[in-house]
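Chain by chain, the residues run as shown.
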Amino acid sequence: MIEKSWFAGLNKKTTVAVLTGAGISKESGVPTFRDSDGLWKKFKPEELASFDAFISNPDLVWDWYQFRRDLIHKVQPNPGHFALAKIESLLPNFTLITQNVDNLHRRAGSRNVLEIHGNIDKNYCVKCQKRHDGTQFNGKKAPRCDCGGLVRPDVVWFGEMLPEKTIQAAFRAAEEADYFFSIGTSAYVYPAANLPVIAKMAGAVFIEINPQETPLSQQAHHFISMPSGEALPEILRILESIIL
Ligand code: APR
């Protein structure tokens, strides 16, 4: 399934970029969004993951994010997260771009992480923009900033702009990549789903890891139909054997 020959010539000078989605956290016990048991099968995104939804029902939206935070704080990174952190340590030119807000890449030791959809453990005031990152809000009700404004999760909601500097860095990483991996994403949400295409058009070897085909699978040079928690440790072993 995974051929060592796909990585021939890969060395310490090789530039690698990786895009991850919710699928990489599935084996940690974190639900994805669009799988048959995913979050969007139980909840309506427009009722929970948009600014309008938050303003019209701040306590409902805040409580839903508390539910997701509590779940994420109880789980651990899985072998896929740890393998990516180890691959990063082998390659000086490595960028991890994630759509996930669950912090599991950083908890697994990844350092150069571009969180293009934000981070569920960070918050800010909608009125004065004051950050409330470290504060552990425990209530079910949307907290208020000392200015009186509502405090919201620092995640990108549907219809919102992505953090400008972060997404620009992600596009640069895709354009400069010699190898681009798309891992555990359904490739339905833009602009993230553009990144693998930009990388391939710029000459990268495009490898996709996903148990299911996605709209990008036909364009991949190599499609690895495996869970990332199994595929990534195998790729790590290959890279450790060829990178001197
Ligand atoms: N390993 C790898 N991939 C997996 C695994 C696994 N063990 N299990 C499931 N997958 C794949 C599924 O086949 C699916 O293609 O993970 C993908 C998850 O897709 P989505 O649930 O759509 O998640 P994602 O692509 O990250 O969604 C993108 O949509 O709702 C927004 O902001 C949210 O960041 C999210 C964005």
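The following refers to the structure shown. Computed from a predicted model, the values in this text were never measured in an experiment.

**Describing the overall build of the protein chain**
At step 1: When helices and strands are counted, the protein chain shows ten helices and eight strands.
At step 2: Once the C-alpha set of the protein chain is aligned to its principal axes, its extents read approximately 60 × 35 × 30 Å.
At step 3: Looking at the protein chain residue by residue over its 244 residues, the buried ones come to 53%.
At step 4: Partitioning the intrachain contacts of the protein chain with sequence separation of at least 6 by distance along the chain shows that 66% fall at a separation of at least 24.
At step 5: About 11400 Å² of surface is accessible on the protein chain, with carbon and sulfur atoms providing 54% of the total.

**Observations concerning the site of the ligand**
At step 1: Residues in contact with the ligand amount to 22 residues; listed here are only the nearest, Phe33, Arg34, Thr185, Ser186 and Asn210.
At step 2: His117 is positioned such that a nitrogen or oxygen atom in its side chain is 2.9 Å from an oxygen atom of the ligand.
At step 3: Contact distances for the ligand include 2.6 Å between an oxygen atom and a side-chain N or O atom of Ser186.
At step 4: Protein chains bury 92% of the 740 Å² of accessible surface belonging to the ligand in isolation.
At step 5: At a threshold of 2 Å from the grid points, most atoms of the ligand map onto the largest pocket.

**Let's talk about the layout of surface pockets**
At step 1: Estimated volume of the largest pocket: approximately 1000 Å³.
At step 2: As for the largest pocket, its lining consists of 49 residues, and the residues nearest its centre are Gly21, Ala22, Thr32, Phe33 and Arg34.
At step 3: Mapped by element, the contributors of at least two residues to the lining of the largest pocket are helix H1 (23-26), helix H2 (39-42) and helix H5 (58-74).
At step 4: Broken down by element, the residue count for the lining of the largest pocket peaks at six residues, all from H5.
At step 5: For the lining of the largest pocket, a count of residues per class yields 26 nonpolar, 15 polar and eight charged.

**Description of the pattern of salt bridges**
At step 1: For the coordinates displayed, the defined rule picks out nine salt bridges.
At step 2: The salt bridge involving Lys26 is made with Asp37; its shortest N-O contact spans 3.7 Å. With a gap of eleven residues between them, Lys26 in helix H1 and Asp37 in the loop between H1 and H2 connect regions that are remote in the sequence.
At step 3: Look at Lys26 and you get partly exposed, because its relative accessible area is 33%.
At step 4: Residue Lys130 is joined to Asp146 by a salt bridge in which the shortest nitrogen-to-oxygen separation is 3.0 Å. With Lys130 in the loop between strand E4 (118-125) and strand E5 (151-155) and Asp146 in the loop between E4 and E5, this residue pair connects regions lying 16 residues apart in the sequence.
At step 5: A relative accessible area of 64% means that Asp146 is categorised as exposed.
At step 6: Through salt bridges with shared partners, a single ionic network connects Lys26, Asp35 and Asp37.

**Here we look at unusual backbone geometry**
At step 1: Between Tyr190 and the following residue, Pro191, the backbone shows a cis peptide bond with an omega angle of 5°.
At step 2: When you line up the elements, Pro191 lands in the loop between strand E6 (179-183) and helix H9 (194-201).
At step 3: Of note in the backbone geometry, Gln129 takes a positive phi value of approximately 70° without being a glycine.
At step 4: Inspection of the secondary structure puts Gln129 in the loop between E4 and E5.
At step 5: For Gln129, a relative accessible area of 45% corresponds to the partly exposed category.
At step 6: The phi dihedral of Ala187 falls on the positive side, at around 60°, and the residue is not glycine.
At step 7: When you line up the elements, Ala187 lands in the loop between E6 and H9.
At step 8: The exposure class of Ala187 is buried, given its relative accessible area of 4%.

**Observations regarding the packing of aromatic side chains**
At step 1: Per the stated rule, a full pass over the model turns up twelve aromatic pairs.
At step 2: Geometrically, the ring pair formed by Phe7 and Phe181 is stacked, given 6.5 Å between the ring centres and 10° between the ring planes. Of the two residues, Phe7 is situated in the segment before strand E1 (16-20) and Phe181 in strand E6; the sequence distance between them amounts to 174 residues. Each member of the pair, Phe7 together with Phe181, is buried.
At step 3: Ring geometry for Tyr65 against Trp157: centres 6.1 Å apart, planes inclined by 55°, an arrangement best described as tilted. Residue Tyr65 is found in helix H5, and its partner Trp157 is found in the loop between E5 and helix H8 (164-176); the two are separated by 92 residues along the sequence. Residues Tyr65 and Trp157 agree in their burial class; the two are buried.
At step 4: An aromatic cluster of at least three residues, connected via ring pairs, comprises Phe33, Trp40, Phe43, Phe54, Trp64, Tyr65, Phe67, Trp157 and Phe158.
At step 5: The ring centre of Trp62 lies 4.7 Å from the NZ or CZ of Arg69, which sits over that ring.

Reading guide: rules and limits
- Residues numbered from 1 in each chain as written.
- Predicted model: local features only at pLDDT ≥ 70, side-chain atom pairs only at ≥ 80, totals over all residues.
- Heavy atoms only, no water.
- Helix = DSSP H or I, 4+ residues; strand = E, 2+ residues; numbered from the N terminus.
- Buried < 20%, exposed > 50% of the residue type's maximum accessible area, 1.4 Å probe, protein only.
- Contact = heavy atoms within 4.5 Å.
- Areas by Shrake-Rupley, 256 points an atom, 1.4 Å probe, with all protein chains shown as cover.
- Near = heavy atom within 4 Å.
- Polar contact = N/O pair within 3.5 Å; in protein donor to acceptor, adjacent residues only side chain to side chain.
- 1 Å grid on protein atoms, 1.4 Å probe; cavity = no way out; pocket = protein on both sides within 12 Å on 5 of 7 lines; lining within 4 Å.
- Sits in = over half its atoms within 2 Å of the grid points.
- Points joined across faces, edges and corners; volume = space filled by probe spheres on them.
- Nonpolar A, V, L, I, M, F, W, Y, C, P; charged D, E, K, R; others polar.
- Salt bridge = Lys/Arg side-chain N within 4 Å of Asp/Glu carboxyl O.
- Phe/Tyr/Trp six-rings, centres within 6.5 Å; stacked < 30°, edge-to-face > 60°.
- Lys NZ or Arg CZ within 6 Å of the ring centre and 35° of its normal.

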